[in-house]
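Read off the chains here:
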Amino acid sequence: MRIARAKLSTASKALRVRCASGSIGAPMGAVAVSTLDEILAAQITVAWAGEHGDPERLRWWTTDIVDEAGGGDLFRRLMPRTGRWSALASVREVARRVDALGRQPLGEPDQLR
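Residues numbered from 1 in each chain as written. Predicted model: local features only at pLDDT ≥ 70, side-chain atom pairs only at ≥ 80, totals over all residues. Heavy atoms only, no water.

Q: Give me helix α4 (residues 83–103): which residues, what numbers.
A: Within an α-helix, residues lying three or four positions from one another point in the same direction, as the helix has 3.6 residues per turn. In this model, α4 (21 residues) spans 30 Å end to end at C-alpha, consistent with the 30 Å of a helix rising 1.5 Å per residue. Among the residues of α4, those classed as buried are G83, S86, A87, L88, V91, V94 and A95. (Helix = DSSP H or I, 4+ residues; strand = E, 2+ residues; numbered from the N terminus. Expected span 1.5 Å × (residues − 1). Buried < 20%, exposed > 50% of the residue type's maximum accessible area, 1.4 Å probe, protein only.)

Q: Got a sec to walk through the nonpolar core? Specific residues and values, please.
A: Formed by A47, W61, I65, F75, A87, V91, V94 and A95, the largest nonpolar core amounts to 8 residues. Among the elements that take part in this core, α4 stands out by supplying 4 residues, more than any other. Residues in contact with W61, not counting those within four places in the same chain, are V46, A47, G50, E51, H52, V91, V94, A95 and V98. (Core = buried A, V, L, I, M, F, W, Y, C linked by side-chain atoms within 4.5 Å. Contact = heavy atoms within 4.5 Å.)

Q: Explain a nonpolar patch on the surface residue by residue, including any values.
A: Residues V31, L36 and I39 make up a contiguous nonpolar surface patch of roughly 220 Å² in combined accessible area. Mapping I39 onto the fold places it in helix α2 (residues 33–49). (Patch = residues over 30% accessible without salt bridge, like charges linked within 9 Å, V, L, I, M, F, W, Y side chains within 5 Å. Areas by Shrake-Rupley, 256 points an atom, 1.4 Å probe, with all protein chains shown as cover. Salt bridge = Lys/Arg side-chain N within 4 Å of Asp/Glu carboxyl O.)

Q: For the pattern of salt bridges, give the residues involved together with the corresponding values.
A: Summed over the entire model, instances satisfying the criterion amount to 9 salt bridges. The partner of R77 in a salt bridge is D73, with the nearest N and O atoms 2.9 Å apart. In this pair, R77 and D73 are both assigned in helix α3 (residues 68–78), 4 residues apart and thus about one turn of the helix distant. Its salt-bridge partner being R97, residue E93 comes within 2.9 Å of it at the nearest N-O pair. Within this pair, E93 and its partner R97 are both found in helix α4, separated by 4 residues, close to a single helical turn. The exposure class of E93 is partly exposed, given its relative accessible area of 29%.

Following this line, the structure appears as C-alpha cells:
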C-alpha cells in the first residue's frame, strides 16, 4: 500500500511539473506544450466545422455555439472574460458526445478507422 501511494504521488507531481523547455513532465515522457496546443487547435477546428451555422459547415451535430449570431453571444454576455473559451469548450464537448454515440454500437470502438 505504501509503495502504491508513493508511485501515485510521484506520478501526480510529475504531471504538475512544467519544464523550462516548454514541456510538461509526465511519467511516460515529456510532451511539448506546442504539441498540446496543436491537438487542442485540431479538436476545436473539428468541433467548429461540425456545427450548423453561417457560414454553412459540415452539420454533423445541431448546435451553433461558437458564432456570435448563435450561442457565442450568450456565452459572451454570461462570461465576458471567458465567453469565447466557454463556447469552444462547449462545442468540443458536443463533438466528443457525438463521437461517443457513434462508437457505442461498435464491438471495439477504439479500433474504428
